[in-house]
Amino acid sequence: MKTFKTFLIATAAVIALSSASVWAETDAELIARARAIHDRVIAVDTHVDIPANYGTDAYDPMKPGPRGQQVHLPTQVEGGLDATFLIVFVGQGELGVQGYSKALSDAMIKFSAIHKVTEKMYPDKWELATTANDVRRVTAAGKKVALIGIENGYPMGEEIDLLDVFYDYGARYFGHTHIGHNQLGDSSMSLTRELTEPKPLHGGLSALGKQAVKRCNELGIMNDVSHAGKQTSLDIIANSKAPVIASHSGVNGVFKHPRNLSDEELLAIKKNNGVVQMVAFDTYLRAVPKGKTDAMASLWVEFGIKDFGDMGKLTPEQITSYRAKSDAIELQFPKAGIKDLADHIDYTVKLIGIGHVGIASDFNGGGGILGWSGAGETFNVTLELAKRGYTEQQIEKIWGGNLLRVLADVEKYAAKTKYNQKRGKA
Ligand SMILES: [Zn+2]
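Residues numbered from 1 in each chain as written. Predicted model: local features only at pLDDT ≥ 70, side-chain atom pairs only at ≥ 80, totals over all residues. Heavy atoms only, no water.

(A) Summary view of the overall build of the protein chain. Helix and strand content of the protein chain: 16 helices and nine strands. Computed over C-alpha atoms, the radius of gyration of the protein chain comes to 23 Å, within 12% of the 22 Å expected from 2.2 N^0.38 for 426 residues, which places it in the range of a compact globule. For the protein chain, contacts bridging at least 24 residues in sequence account for 72% of all contacts bridging at least 6. Only carbon and sulfur atoms are counted for the fraction: they give 59% of the accessible area of the protein chain, which is about 19100 Å². Side-chain charges in the protein chain split into 48 positive and 49 negative, and the spacing between the mean points of these groups amounts to 4 Å. (Helix = DSSP H or I, 4+ residues; strand = E, 2+ residues; numbered from the N terminus. Rg over C-alpha atoms; globule rule 2.2 N^0.38 Å. Contact = heavy atoms within 4.5 Å. Areas by Shrake-Rupley, 256 points an atom, 1.4 Å probe, with all protein chains shown as cover. Lys, Arg positive; Asp, Glu negative; His and termini not counted. Charge placed at Lys NZ, Arg CZ, Asp CG, Glu CD.)

(B) Here's a closer look at the packing of aromatic side chains. For the structure shown, the criterion picks out nine aromatic pairs. Here W372 and W399 contribute two aromatic rings whose centre-to-centre distance is 5.9 Å and whose plane-to-plane angle is 85 degrees, an arrangement assigned as edge-to-face. Remark: W399 occurs in helix 15 (residues 392-416) and W372 occurs in the loop between strand 9 (357-360) and helix 14 (379-387); sequence separation between them is 27 residues. Look at W372 and you get buried, because its relative accessible area is 0%. (Phe/Tyr/Trp six-rings, centres within 6.5 Å; stacked < 30°, edge-to-face > 60°. Buried < 20%, exposed > 50% of the residue type's maximum accessible area, 1.4 Å probe, protein only.)

(C) A look at the coordination of the zinc ion. Distances from the zinc ion to its protein donors, namely E151 (OE), H227 (NE2) and H248 (NE2), fall within the range 2.1 to 2.2 Å. All donors to the zinc ion come from one chain, and their sequence spacing reads E-x75-H-x20-H. Of this pair, H227 sits in the loop between strand 6 (222-224) and helix 8 (230-239) while H248 sits in strand 7 (residues 245-249), placing them 21 residues apart in sequence. (Donors = N, O, S within 2.8 Å, 3.2 Å for Na, K, Ca; no water.)

(D) Representation of the confidence of the model for the protein chain within the structure. Chain-level statistics for the protein chain give a pLDDT mean of 92 and a share of 93% at 70 or above. Long-range and interchain partners of residues 1-21, a stretch whose pLDDT sits below 50, account for two contacts in this model, where long-range means more than four residues apart. (pLDDT = per-residue confidence, 0-100.)

(E) Summary view of the nonpolar core. Core analysis: the biggest nonpolar cluster contains 80 residues, and M156, L163, F174, L341, I345 and W372 have the highest contact counts within it. For this core, the leading source of residues is helix 4 (residues 97-121), giving seven residues. When neighbours within four sequence positions are excluded, W372 is seen to be in contact with D45, A280, I338, L341, I359, A360, S361, F363, E377, T378, V381 and W399. Among the nonpolar cores identified, the runner-up in size contains 21 residues, and F85, A129, V145 and V410 belong to it. (Core = buried A, V, L, I, M, F, W, Y, C linked by side-chain atoms within 4.5 Å.)

(F) How the structure looks around helix 5 (residues 132-140). Among the residues of helix 5, A132, D134, V135, V138 and T139 are the ones counted as buried. The arc enclosing the buried residues of helix 5, seen along the axis, measures out at 155 degrees, which places them on a common side. For helix 5, the exposed residues lying more than 90 degrees away from the buried face are N133 and A140. Elements that come into contact with the buried residues of helix 5 comprise strand 2 (83-89), strand 3 (126-128), strand 4 (144-151) and helix 15. Where helix 5 terminates, the next one or two residues include G142, which has phi positive at roughly 85 degrees. (Arc of directions from axis to C-beta.)

(G) Just the domain arrangement of the protein chain, in detail. Taken as a whole, the protein chain is organised into domain 1 (29-286 + 338-425) and domain 2 (289-332). One C-alpha centre belongs to domain 1, the other to domain 2, and the line joining them spans 26 Å. Contact with domain 1, which involves seven residues of that partner, is made by 12 residues of domain 2. The junction of domain 1 with domain 2 conceals about 780 Å² of combined surface from both sides, 54% of it contributed by carbon and sulfur atoms. Linking domain 1 with domain 2 are one salt bridge. D282 is the partner of K292 in a salt bridge, and the nearest nitrogen-oxygen pair spans 3.1 Å. Summed over the shared surface of domain 1 and domain 2, the result is one residue pair in polar contact (both at pLDDT 80 or more). (Domains from an automatic or database assignment. Buried area = accessible area lost by both parts, 1.4 Å probe. Salt bridge = Lys/Arg side-chain N within 4 Å of Asp/Glu carboxyl O. Polar contact = N/O pair within 3.5 Å; in protein donor to acceptor, adjacent residues only side chain to side chain.)

(H) Highlighting the side chain of N182. Turning to its location among the elements, N182 is positioned in the loop between strand 5 (171-175) and helix 7 (207-219). Take N182: its relative accessible area is 0%, and that puts it in the buried class. A distance of 3.0 Å separates polar atoms of two side chains, one belonging to N182 and the other to N152. Contacts of N182, omitting those with residues within four sequence positions, involve Q92, L95, N152, G153, Y154, H176, T177, L201 and H202.

(I) Spotlight on helix 9 (residues 263-271). The complete set of buried residues in helix 9 reads E265, L266 and I269. Considered in projection along helix 9, the buried side chains sweep an arc of 100 degrees and stay on one side of the axis. Along its buried surface, helix 9 packs onto helix 8, strand 8 (275-279) and helix 13 (338-352). N273 lies just past helix 9 and shows a positive phi near 65 degrees.

Written out as structure tokens, the structure reads:
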């Protein structure tokens, strides 16, 4: 009996010891493990907006500026955010030559600002990358990486050859639509605040949109399905000969929202060998408290805003007042947090596998959540992933390995096309 008792005590001690080493990681140990992982992996954020005054005194990326600017080089260093896709975004306007030409000039100002910042203002700290290899090389050299993504194909108008110009200026992904249908395809949302499926214009990707998918493939630009309507998104995936991305989206499996991807789209992206970048955008991650929706609706009524297009009609004084009031509403109702973002990541990893999921902030464009409200807090995302049991190898894929694999695949496909070869010789 004594022997049996001793055996029991010894066994209990062994179990206690092994549980302590395997399961009971202290907070300090978890933080140290996550920190080491975060320092080793390349963290790529596929969606950071820039305003029209980027690269001027009003928004010098070296200095923290006024409201809404969530990414600066010093905070990128602090948060360990290695690479950002800076976004050439132009809001949706009227379909026609006048609208297209204004949009094109706005887009070119943003392209030029990114070149100015990386090549003239801070070439010793920052470099514009145009290939997956560039991203690894620049990071290894201790500099931050900028890449360029296009959000909304509207500025292309009906001139397919403008895609070549965008490519030459460094664009490496192309989001066909934004909010509101355009000449390339139907959007997931209309310009009004309604969250119902908008009435179709083309019923998916237009004939011009199909040509754009093809040209992006030939040039080596990743086709992006974020913001596209479901049928447009499925058409982009079906037409693309190289892997596609969703540059900043959530998933309907966790929270149903027109901007989020259905399981059908996710499975199609898996089959296409693409990648879905989960976005840290409050209203896509979880249900917004009704009080907040009502307060925002009243604010729109107060400022006479009927759709997103009306925002551009506000005077500078009205914009200041609108922002102060919307900030007050934000403070009253806390945003989604890192756990919500990680829930979208978990769901997508389970459905389509670790090789097809990534991360985007949508900073400066409405993104940012509790715990990841700016570049300086980027480590918190890695901490949550490590806490949830993701290994270093898995976190490396999520933070950029998958996206860089897709970019390299897209480059490889393009290099084999006749169009690309002919262009190279021209
Ligand atoms: Zn967006």
